[in-house]
Amino acid sequence: MLRKLLLAAVSVAVLSSVPASAADLIAIITPSHDNPFFKAEAEGAAAKAKELGFEPLVLVHDDDANKQNQLFDTAIARGAKAIILDNAGAAATTAAVQKAKDAGIPSFLIDREINESGVAVSQIVSNNYQGAQLGAEEFVKLMGEAGPFAELLGREADTNAGIRSGGYHDVIGEYPEMKMVAQQSANWSQTEAFEKMQTILQANPEIKGVISGNDTMAMGAWAALEAAGRKDVIVVGFDGSNDVRDSIKAGGIKATVLQPAYRQAQLAVEQAKQYLATGKTGAEEKQLMDCILINADNAAKLETFALKD
């Protein structure tokens, strides 16, 4: 009790430099690190946790809600002080976050929202709609405002997949000469995107462009197009990965939209630190971070989901 009172009396500025005890564990739970976006999240959160004196416990749920639930049980059993989470489904995650809350463990969500408010302490996400509009505007420009195109959707259970697709179509729909000839989910997967792109290309050889819900699928689509000798097809992604950066610099994929994954994860840990000390984060539960268009003009400045000076 005395320790809590002392902590509450210390200012946030001082707290940021005061190390936690070795027992102060923070669980960091994300989708698979096979996707560089999620790996960057985990690395950003873990680095900030260590900097602030916490012990990070990095776990992966592989977009499996049942596995995610088990990992919450692990975090609770290990006595984690807080959970940083990029979740495995907006609807399926609420119960797990509530379970942690009931056990006295606050959750700080990044990248993906859940359907309920007041269960997590923070939900820090990219402004996916704003970012999708940026990407779509660039896509329309590159397409010359006309031509047949395909869309690769993300995982249907992921709120972000729908928001990005909606943002794309709210822009593209203003151009009647733009004709969508195929729309398929590749579940954020590069392998699946490669296969879906092969099928789409066979059925629609006249295709001129592909707009993708994330960079991993964009890379899969581009690999299929390269294999078919169709480097003329315009591909635009979303995330701001180093892989797509390199493709842009090499004249392959034309553009992407940077969402600040690394910074989001760090901010979540900073807010966890403040909340554990004061009972407040100093911010609203739902927080949006704007995205940035990446193309040949600024790709060289992109590094690990952040723009360098």
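Further up the page is the structure itself.
What you see is a predicted model, and the numbers here were worked out from it, not measured in a lab. (Residues numbered from 1 in each chain as written. Predicted model: local features only at pLDDT ≥ 70, side-chain atom pairs only at ≥ 80, totals over all residues. Heavy atoms only, no water.)

K.L.:
Residues and numbers for the overall build of the chain, please.
P.N.:
Within the chain one finds 11 helices and 12 strands. Its C-alpha atoms give the chain a radius of gyration of 21 Å, near enough to 19 Å, the size a compact globule of 309 residues would have. Counting across all 309 residues of the chain, residues that qualify as buried make up 53%. Accessible area of the chain: about 13000 Å², with a carbon and sulfur share of 51%. Of the charged side chains in the chain, 28 are positive and 40 negative, and the gap between their average positions amounts to 6 Å. (Helix = DSSP H or I, 4+ residues; strand = E, 2+ residues; numbered from the N terminus. Rg over C-alpha atoms; globule rule 2.2 N^0.38 Å. Buried < 20%, exposed > 50% of the residue type's maximum accessible area, 1.4 Å probe, protein only. Areas by Shrake-Rupley, 256 points an atom, 1.4 Å probe, with all protein chains shown as cover. Lys, Arg positive; Asp, Glu negative; His and termini not counted. Charge placed at Lys NZ, Arg CZ, Asp CG, Glu CD.)

K.L.:
Please provide a residue-by-residue account of helix α8 (residues 190-203), values included.
P.N.:
End to end, α8 covers 20 Å across 14 residues, agreeing with the expected 20 Å (1.5 Å per residue, within 8%). N-capping of α8 is provided by serine 189, with a side-chain oxygen placed 3.4 Å from the backbone N of threonine 191. (Expected span 1.5 Å × (residues − 1). Polar contact = N/O pair within 3.5 Å; in protein donor to acceptor, adjacent residues only side chain to side chain.)

K.L.:
So what's going on with unusual backbone geometry? Residues and values would help.
P.N.:
Phi is positive for aspartate 239, close to 150°, though the residue is something other than glycine. In this structure aspartate 239 comes out as buried when scored by relative accessible area, which is 4%. One non-glycine residue, threonine 304, lies in the positive phi region at around 50°. Looking at the element boundaries, threonine 304 is found in the segment after β12 (292-294). The class of threonine 304 is partly exposed, set by a relative accessible area of 26%.

K.L.:
For the nonpolar core, give the residues involved together with the corresponding values.
P.N.:
Core analysis: the biggest nonpolar cluster contains 32 residues, and Met197, Ile207, Val210 and Leu225 have the highest contact counts within it. Residue assignment for this core shows that the elements contributing at least two residues are α3 (36-51), β6 (147-153), α8, α9 (215-227) and α10 (242-249). In contact with leucine 225, other than residues within four places in its own chain, are Met197, Leu201, Val210, Arg230, Lys231, Val233 and Val235. (Core = buried A, V, L, I, M, F, W, Y, C linked by side-chain atoms within 4.5 Å. Contact = heavy atoms within 4.5 Å.)

K.L.:
Explain the pairing of strand β11 (residues 286-289) to me, using residue names and the numbers behind them.
P.N.:
Burial along β11 is one-sided: Gln287 and Met289 are buried, while Lys286 and Leu288, pointing the other way, are not. Bridge count between strand β5 (residues 122-126) and β11: 4 bridges; the pairing is parallel. For glutamine 123, the partnering residue across the bridge sits in β11 and is lysine 286. (Pairing = 2+ DSSP bridges.)

K.L.:
Which residues make up the sheet that holds strand β3 (residues 82-85), and what values go with them?
P.N.:
Pairing within the open sheet is parallel, and its 6 strands lie in the order β2-β1-β3-β4-β5-β11. Each edge of the sheet is formed by a strand with only one pairing partner; in this case those strands are β2 (55-60) and β11. Taking each pair of neighbouring strands and ignoring which way they run, the sheet shows an average axis angle of 15°. Its contacts with the sheet put helix α4 (residues 65-77) on β1 (25-30), β2, β3 and β4 (107-110), and the angle it makes with β3 is roughly 155°. (Axes fitted to C-alpha atoms, helices over the stretch in contact; angles between N-to-C directions.)

K.L.:
Describe in detail the packing of α4 against helix α5 (residues 90-102), supporting the description with residues and values.
P.N.:
Where α4 contacts α5, the two axes come as close as 10 Å, and the packing angle between them is 5°. Judged by the angle between their axes, α4 and α5 are roughly parallel. For the pair α4 and α5, the contacting residues are Ala65, Gln68, Asn69, Phe72, Asp73 and Ile76 in the first and Ala92, Thr93, Ala96, Val97, Lys99 and Ala100 in the second. Residues belonging to the contact of α4 with α5 are distributed by class as follows: 7 nonpolar, 3 polar and 2 charged. (Parallel < 35°, antiparallel > 145°, perpendicular 65-115°, else oblique. Nonpolar A, V, L, I, M, F, W, Y, C, P; charged D, E, K, R; others polar.)

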